[in-house]
Amino acid sequence: MPIGPEMRRLRAEHAALATLSQLLLDLVRKPEAPRPTELASVRGMLRDTLLRHLKCEDWILYPRLKASGNPEVVAMAGEFVREMGHIAQDFAAYDAKWTAERIADDWPGFCHETEAVMHVLGMRIERENCDLYPAAEQLDFM
C-alpha cells in the first residue's frame, strides 16, 4: 500500500504542530497568563494534533520503515523510536499535570515547563523533516 498520502499528511501535521507550538510559546512568553479559554484552546488543538500525528507514525510509518528491508532505514527508524518514543507519554504527563488551576497558581512554572516541552517537540520535528521523512520518501513503496 502506498504511503505517499500519509507522508503528505505527516508533513502537514508537522507544519500545524509548529504553528500551534509557536502560538503556545507566544502565550507563555507574556508576563501575565492569558484568558484560560484562550490557553485551553491552543493547548487542546496542539494536544489533539500531536496525539493523532504520533499514532500515525507509530501505526503506519515506523512499521513500514522497519519492514522496508533497507538496513539504513531500518536502523534509522529504530534509532528514532528509541530516542523519541517517549514523547507521547511525556506530553501526556505534562498536559495532565498542568490543570487550569495549577497554571493559575504557578504561571512561571507552567511557562518554564512549556518552553522545555516545546523545545523537545521542535527538535523532533526538525530531525524527522531533515532525516527520517526524506529517507522514507525515497523507498520504493512510496
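Residues numbered from 1 in each chain as written. Predicted model: local features only at pLDDT ≥ 70, side-chain atom pairs only at ≥ 80, totals over all residues. Heavy atoms only, no water.

Colleague: Just to check I follow, could you spell out the pattern of salt bridges for this structure?
Modeller: Pairing is possible between side chains that carry opposite charge, provided their charged atoms lie close to one another. Enumeration according to the criterion identifies 13 salt bridges in this entry. For E13, the salt bridge is made with R9, and the minimal N-O distance between the two is 3.0 Å. With E13 and R9 both in helix α1 (residues 4–28) and 4 residues apart, the pair spans about one turn of that helix. Judged by its relative accessible area of 36%, R9 falls in the partly exposed class. Between R47 and D48 there is a salt bridge whose closest N-O contact spans 4.0 Å. (Salt bridge = Lys/Arg side-chain N within 4 Å of Asp/Glu carboxyl O. Helix = DSSP H or I, 4+ residues; strand = E, 2+ residues; numbered from the N terminus. Buried < 20%, exposed > 50% of the residue type's maximum accessible area, 1.4 Å probe, protein only.)

Colleague: Sorry, what's going on with the environment of G78 here?
Modeller: Along the chain, G78 turns up in helix α3 (residues 71–84). On a C-alpha basis, the gap between G78 and P63 in space is 10.0 Å, while along the polypeptide they are 15 residues apart.

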